[in-house]
Every structure is written in structure tokens, then in C-alpha cells.
Amino acid sequence: MLSRLSQSIEPFHVMEIVKQADQLQQQGRDVIHLSIGEPDFPLPEPVAQALTQAIGAGKTRYTAALGLQELRETIAHFYDSRFGATVSPGQVVITSGASTGLMYACLALINPGDEVLLCDPGYPCNKTFVQTAGGVVRTIQVSEDNNFQPTLAEVQEAWTPKTQGILLASPSNPTGTRISSNVLNDIVDWVATQGGFIIMDEIYQLLCYGSQPRTLLSQSPSGQTRDHCVVINSFSKYFGMTGLRLGWMVVPEALLTPIEKLAQNLNICPSTPAQWAALACFKQETLDICEARRAAFGNRREFLLRELPNVGLHAGSNPDGAFYVYAHAPYGSSQYCSDLLQTQAVCTVPGKDFSQKEGEAMFRISYANSLERIEQALQRMGQFNCREI
Ligand SMILES: Cc1ncc(COP(=O)(O)O)c(C=O)c1O
């Protein structure tokens, strides 16, 4: 009776370990979470106020399927003012989080049997989006030597006559690493010559450290158009609005009507109060709050990367974005993360959620927790890693 898709979907293993952590907490243990892909900060105050006002003013009815015109205009303007990228409001689609954007992009671009390239390690839900559209996942095993991002040669090697496109993320989850602009431009241009598409997940775009945020929508040096690219973004991470379920996509003109029909049929519209609240995200006072939070994430990242070797751990590659460090596990990561949780009450995520092939070698540490808690967690990890065996 059950569909093959519903039976083949893999669980999110992180949920399992978080469930175990909750049980320990109920038993009175002081669990430190370095597991969650969610900012530990509350909703920025101007956004919280705008949300309350929207609900108070009865702004709770359906909006257009593509979203509030005001918000589409504001986002288009933000690309211009922040990145110098020309985006028309008509290309912006408001979605219920990046998740819905990824789903719409896959449903609009993939036919049953089409191959789509995904990076391993990568965000686990991507394969489900591709498979829901009937697509077949082909993985590119990205390496630590290349910052866990694909090279043009790897894309060319993985591409077959059945391949229709590639889904990329920068900064990536779980690695926190970014693709270089040069490599990305080369991939974008080459995929265009193959008639393929690119879905670019920029959900962590504004959370990067050391150098400026980038978007694929900036001018291509080769002058190649970007009509084959769909950019996905979200209010979840930088703006700390995970539970409000709001994101956006920037799509080429040709995809607008198909995506509008998908949105009308599958979701009607994104949350109306959340859309009104999101308008406050682009006020200077909110951006200032979010930038201060980015700086706090940056300090935690620096602290973590400096201290990890002192507790016998090593980060893979250079995580300069998001709020994750993908680190080498001292032994099989499923067992290691379970042992860390049971003995030290520190909750991290084993790599098997993100990588089919090398997941046991790695685990993910999230620094979406206070510096104080991260420091305590590292002390506990040090005690565990340096114990007499
Ligand atoms: C890489 C990546 N893409 C997409 C999502 C989905 O985010 P949301 O639907 O909350 O915008 C996540 C969530 O963790 C993510 O890490």
C-alpha cells in the first residue's frame, strides 16, 4: 500500500541522537547541544514586533502564490544594494523556507529518470527533493583537499548524457565551506554549454567569516547569462526565523509561470504574517542585529578551530561559513557521537546523515550555541578523548 518513495526515504539520524539527548536531559543530565542547525538567538526584535503587528492588524489571509509584492521588491533591491546584482522583483518567489524552494526547483526542472548531481557530503534532504520529482541522484564525492566543494573536472567527469543539472550549496551543510568564485563561474559556464541547470542553495550566504558574502547572481566574468540557474535562500539562518518557515528563490523568467502554478497547487502561499514580518529584516536596525550575531558566530568559530586540536580533534578543510565544523572522528562517528553523548552529555551529529561513503569518518559540530557552552563542551570532549583506554 505504501509508495516506494515513502518507504525509501531515510530518516534524519540527527533526530535519533537528539531524542536520546532529550531522554538524558529528562534524567537530569546537563546536555550541551552542538548538534542543531538552528541559530540560538531569538527572533530579532524589529521582526518580532512586525510579526505581532501583522497578526494584530489581521494580516492573516492568503497572499498571492508568489508572495507579497512588497517583499519581492525589497529582496530584489537588496541584491542590488548589497551585491550589485540586477534582479527584477518579478524573478523573486517567496517560499515556505528553502525547503519549499528546493522542492519547487526540482519539480520544475526534473523529469522522471533525469540524473542530477549532488555533492557527498551534503544536505541529506536534497536527495529526497530530487527523488520526489522522479530524478536519479548521482553523487560527486567532494574532497577535503578542495574544501569539500566540487571542481569543474569532477562535474565534467560525473556528467553523463542523462544528467540534467547539479545542485550546489555554498556555504555548505555539513562542512561550512564555500566554493571559490572562479570554480563556480567555470562550472556555471560549462553546465550552460551542456544545456543543464544549476540549483544553487545560498541559505548560509550571509553567514560567512573572513571574506564578503557572495551570490551566484553577480555578474558572470564571461558575460554568460545565468538563465539556467535557480538561486535558493531563506530567512531561517541569518535572520534567525527557522520556525516562521519563510524563504525565497530567484528564478529565470522562463520558470516563473511553472513555479507559480506549482506554488498555487502545492502550498497556496507562504505564511502571510511571516511575510509581513520579513519586510522588517531589511531595515538597517535588523541588519545591524544580524551582523552582530554573525560576528558572535565568527568568534565562536575561531575559538572552536583554535581549541579543537587541544582536545585531540581536527576540522576537515577550512569552514568559513554557516555555523558548522565537519571534523574527523577519532573512531567510527556513529559510535563516537553516541559515546560522547552518553558519557559526556555532549550532543554532536555523526557523518552518516550527510555522507553515504565517508560518513563514519567524520562528524558535525554546530557552533549555534553560546561561547560558554562551547567551552564547557570542549572540556568534556577533551576529558573523553584524552582518557586512559
Ligand atoms: C543546506 C540547507 N538547505 C536547506 C535547508 C532548509 O532550510 P529552511 O527550509 O528552514 O529554510 C537547510 C536547513 O538546515 C540547510 O542546511
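Residues numbered from 1 in each chain as written. Predicted model: local features only at pLDDT ≥ 70, side-chain atom pairs only at ≥ 80, totals over all residues. Heavy atoms only, no water.

**Some points on the pairing of strand 6 (residues 197–201)**
Across the five residues that make up strand 6, a large majority, five, are buried. Every second residue of strand 6 is oriented toward a common face, with F197, I199 and D201 on one face and I198 and M200 on the other, all of them buried. As judged from the five bridges shared by strand 5 (residues 163–169) and strand 6, these two strands associate in the parallel manner. Paired with A169 across the strands is D201, a residue of strand 6. A crossover links strand 5 with its parallel partner strand 6, the connecting element being helix 8 (residues 181–193), and its sense is right-handed. In this sheet, strand 7 (residues 229–234) lies alongside strand 6 in parallel orientation, the contact comprising four bridges. The partner of I199 across the bridge, within strand 7, is V230. (Buried < 20%, exposed > 50% of the residue type's maximum accessible area, 1.4 Å probe, protein only. Helix = DSSP H or I, 4+ residues; strand = E, 2+ residues; numbered from the N terminus. Pairing = 2+ DSSP bridges. Right-handed = clockwise from strand over helix to strand, strands pointing away.)

**Considering the packing of helix 12 (residues 333–344) against helix 13 (residues 371–385)**
Where helix 12 meets helix 13, the axes come as close as 10 Å, and the angle between the chain directions of the two elements is 110°. Classified by the angle their axes make, helix 12 and helix 13 are roughly perpendicular. Residues Y336, D339, L340, T343 and Q344 of helix 12 form the contact with helix 13, whose participating residues are R380, M381, Q383, F384 and N385. The residue makeup of the contact of helix 12 with helix 13, split by class, is four nonpolar, four polar and two charged. (Axes fitted to C-alpha atoms, helices over the stretch in contact; angles between N-to-C directions. Parallel < 35°, antiparallel > 145°, perpendicular 65-115°, else oblique. Contact = heavy atoms within 4.5 Å. Nonpolar A, V, L, I, M, F, W, Y, C, P; charged D, E, K, R; others polar.)

**Notes on the pattern of salt bridges**
Close approach of charged atoms allows side chains with opposite charge to pair. The tally for this structure, following the rule as stated, stands at eight salt bridges. Taking the shortest distance from any N to any O, the salt bridge between R373 and D30 comes out at 2.7 Å. In this pair, R373 is assigned in helix 13 and D30 in the loop between helix 2 (13–26) and strand 1 (32–33), connecting sequence segments 343 residues apart. Of the residues examined, R373 reaches a relative accessible area of 19% and is grouped as buried. Since its relative accessible area comes to 40%, D30 is described here as partly exposed. (Salt bridge = Lys/Arg side-chain N within 4 Å of Asp/Glu carboxyl O.)

**Quick look at the domain arrangement of the chain**
As far as domains go, the chain holds domain 1 (4–42 + 286–384) and domain 2 (45–283). A straight line from the C-alpha centre of domain 1 to that of domain 2 covers 25 Å. Facing 38 residues of domain 1, the contacting portion of domain 2 comprises 43 residues. When domain 1 packs against domain 2, the two sides together hide about 3200 Å² of surface, and 56% of this comes from carbon and sulfur. Here domain 1 is connected to domain 2 by one salt bridge. A salt bridge links D320 to R178; its shortest N-O distance comes to 3.5 Å. The interface formed by domain 1 and domain 2 holds 22 residue pairs in polar contact (both at pLDDT 80 or more) in total. Of all the secondary structure elements, the ones that give two or more residues to the side of domain 1 that touches domain 2 are helix 11 (284–307), strand 10 (324–328) and strand 13 (362–366). Classifying every residue of the side of domain 1 that touches domain 2 gives 18 nonpolar, ten polar and ten charged. (Domains from an automatic or database assignment. Buried area = accessible area lost by both parts, 1.4 Å probe. Polar contact = N/O pair within 3.5 Å; in protein donor to acceptor, adjacent residues only side chain to side chain.)

**Some details on the site of the ligand**
Not every one of the 13 residues close to the ligand is listed here, only the nearest: A98, S99, D201, S234 and K237. Residue A98 places a main-chain N or O atom 2.7 Å away from an oxygen atom belonging to the ligand. At 2.8 Å from an oxygen atom of the ligand is found a side-chain nitrogen or oxygen belonging to N173. Relative to its free-state accessible area of 400 Å², the ligand is covered by the protein chains to the extent of 92%. Counting atoms within 2 Å of the grid points, the majority share of the ligand lands in the largest pocket. When residues in the shell around the ligand are grouped by element, the largest group, four residues, is from helix 5 (residues 97–109). Along the lines of polarity and charge, the residues of the shell around the ligand split into five nonpolar, five polar and three charged. (Near = heavy atom within 4 Å. Areas by Shrake-Rupley, 256 points an atom, 1.4 Å probe, with all protein chains shown as cover. 1 Å grid on protein atoms, 1.4 Å probe; cavity = no way out; pocket = protein on both sides within 12 Å on 5 of 7 lines; lining within 4 Å. Sits in = over half its atoms within 2 Å of the grid points.)

**Observations concerning helix 3 (residues 45–56)**
The first and last C-alpha atoms of helix 3 sit 16 Å apart over twelve residues, in line with the 16 Å expected at 1.5 Å per residue. Restricting attention to buried positions, one finds in helix 3 the residues P46, V47, A48, A50, L51 and A54. Tucked inside the fold, the buried residues of helix 3 contact helix 10 (272–279) and helix 11. (Expected span 1.5 Å × (residues − 1).)

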